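Residue-level structure breakdown
Residue-level listing of the chains:
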Amino acid sequence: TVNTTQQTIESTRNATVVQDTVTQTQSITSTVERHIIVGRVDPLAQTFLISETGGSFISSVDLFFSEKDTNLPVWVELREVINGYPGPTLIPFGRKVLNPNDINVDATTGNTATNFKFDSPVYLKEGIEYCLVVMTNSLNYKVWIAGLGEADVSGSNRIISTQPHLGSLFKSQNNTTWSAVQSEDLKFTMKKCNFT
């Protein structure tokens, strides 16, 4: 006998009821479309643990870019972590796409943030490990990371000696096989909701 279990992801959102009067006109046109994805998806993922009692509602994430593409977008995803590695399951409402004109670049100090505001607050449970995944179809995007033993580029001339949290940075070339980099972390700021 093999027992199979699956994790349930909880998500809440207030409904908006709208009543509209509509009319319909029908026109039928037949076309054939082909979608070709140019480039490749080489994502980065940073794991983190929610330690707040009752969990947290995440409103947005700040990332710090040193280079960007001129045409192709970049997006972030909040995903579950399975056995310590980034999993394929997206947390509900946990994806935000930005076009290049919305990306702020700071190639010298890494202090200028780009905010990815989710369309709805994303609920993350207490005591569960999640990951922030950064993806694009371009090879031109670069984000700031911190490496243990390296100098801080923000101007303080300090050596990075500790990791700010217990997460790990993961790199992948196909979005399914992940390699952990224990001595590096993605530079990011995660913002949570504070309800009154």
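In case you missed it, the structure is sitting above this.
Notes on the structure in this doc start here. The residue numbers shown here count from 1 along each chain, following its written sequence. Since the coordinates come from a predicted model, pLDDT governs what is reported: local features require at least 70, and pairs of side-chain atoms require 80 or more to be given and counted, while whole-chain, interface and lining totals use all residues. Here the side-chain values reflect all heavy atoms present in the structure, with hydrogen atoms and water set aside.

**What to know about the overall build of the protein chain**
Worth spelling out the cut-off: Under the scheme used here, helices are H or I runs from DSSP no shorter than 4 residues and strands are E runs no shorter than 2 residues, and both carry numbers assigned from the N terminus. By definition in these notes, contact holds between two residues if any of their heavy atoms fall within 4.5 Å. All accessibility values rest on the Shrake-Rupley procedure with a 1.4 Å probe; residue burial counts only the protein chains present in the view.
Summing up its helical and strand segments, the protein chain has zero helices and 13 strands in all. In sequence order, the protein chain lays out its α and β elements as β-β-β-β-β-β-β-β-β-β-β-β-β. Across its three principal axes, the protein chain shows a C-alpha extent of roughly 65 × 50 × 45 Å. The contacts in the protein chain between residues at least 6 apart in sequence include a share of 78% that link residues at least 24 apart. Looking at the protein chain as shown, the accessible area adds up to about 13,100 Å², and 48% of this sits on carbon and sulfur atoms.

**Things to note about the pattern of salt bridges**
Side chains that differ in sign of charge can pair as their charged atoms come close. Convention followed: Salt bridges are identified by distance alone: a Lys or Arg side-chain nitrogen within 4 Å of an Asp or Glu carboxyl oxygen.
This model, assessed by the stated rule, comprises seven salt bridges. Two residues, Lys-142 and Glu-67, come together in a salt bridge whose shortest N-O distance is 3.7 Å. A residue pair is termed long-range when its members are at least 10 positions apart, and Lys-142 in strand 8 (residues 142-143) and Glu-67 in strand 3 (residues 65-67) qualify at 75 residues. Across the pair Glu-77 and Arg-79 runs a salt bridge whose closest N-O atoms are separated by 2.8 Å. Salt bridges sharing partners connect three or more residues here, namely Glu-77, Arg-79 and Arg-95.

**Remarks on the environment of Ser-60**
Among the structural elements, Ser-60 can be located in strand 2 (residues 56-63). Among all residues touching Ser-60, those that are not within four sequence positions of it are Asn-115, Phe-116, Lys-117, Phe-118, Thr-189, Met-190 and Lys-191.

**Some points on the packing of aromatic side chains**
Here is the rule we go by: Stacked, edge-to-face and tilted are the three classes for Phe, Tyr and Trp ring pairs, Trp counted by its six-membered ring, which pair at centre distances within 6.5 Å; planes under 30 degrees apart are stacked, over 60 edge-to-face, the rest tilted. Our definition puts a charge over a ring when NZ of Lys or CZ of Arg is within 6 Å of the ring centre and also within 35 degrees of the ring normal.
The full count for this structure, using the stated rule, is six aromatic pairs. Among the aromatic residues, those joined into a ring-pair cluster are Phe-57, Tyr-123 and Phe-195. Over the face of the ring belonging to Phe-64 we find Lys-187, whose NZ or CZ atom lies 4.4 Å from the ring centre.

**With respect to the sheet that holds strand 4 (residues 74-82)**
Note the threshold: Strand pairing is assigned whenever DSSP identifies at least 2 bridges connecting the two strands. Angles run from 0 to 180 degrees between N-to-C directions of axes, and those axes are lines fitted to C-alpha atoms, restricted for helices to the stretch in contact.
Sheet architecture is open: six strands sit in the order 5-4-7-1-10-11, paired in antiparallel fashion. Both outer strands of the open sheet, strand 5 (85-98) and strand 11 (178-181), are each paired with one neighbouring strand and no more. Sheet twist, expressed as the mean angle between neighbouring strand axes with direction ignored, is 30°. The sheet contact formed by strand 4 and strand 7 (residues 129-136) spans seven bridges and is antiparallel. The residue bridging Val-76 from the neighbouring strand is Val-134, located in strand 7.

**Considerations on the nonpolar core**
The nonpolar side chains of a soluble globular protein tend to be buried with one another. For clarity, the cut-off: To form a nonpolar core, buried Ala, Val, Leu, Ile, Met, Phe, Trp, Tyr and Cys residues must be joined to one another through side-chain atoms within 4.5 Å. Throughout this description, buried means an accessible area under 20% of the type-specific maximum (1.4 Å probe, protein chains only), exposed means over 50%, and partly exposed covers the range between.
In this structure, Leu-63, Phe-65, Leu-78, Phe-116, Leu-124, Leu-132 and Leu-186 are the most contacted members of the largest nonpolar core, which totals 25 residues. Elements with a minimum of two residues in this core: strand 1 (44-49), strand 2, strand 4, strand 5, strand 6 (114-124) and strand 7. By residue number, the principal contributor to this core is strand 6, which donates four residues. Ranked by size, the runner-up nonpolar core spans eight residues in total, among them Trp-75, Val-133, Met-135 and Phe-170.

**Considering the side chain of Thr-47**
What counts here: Whenever two N or O atoms come within 3.5 Å, that pair is a polar contact, provided that in protein one can donate a hydrogen and the other can accept it, and provided that, for residues adjacent in sequence, both atoms are side-chain atoms.
Position of Thr-47 relative to the elements: it lies in strand 1. Taking relative accessible area as the criterion, Thr-47 reaches 1% and is therefore assigned buried. Among the polar contacts listed, one links the side chain of Thr-47 to the backbone nitrogen of Ser-168, at a separation of 2.7 Å.

**Section: the pairing of strand 2**
With seven of eight residues buried, strand 2 lies mostly within the body of the structure. Across seven bridges, the pairing between strand 2 and strand 6 is antiparallel. In the sheet register, Ser-60 faces strand 6, and the bridge partner there is Lys-117. Here strand 2 pairs with strand 13 (residues 188-192) via five bridges, running antiparallel. Residue pairing for strand 13: Asp-62 is matched across the bridge by Thr-189.

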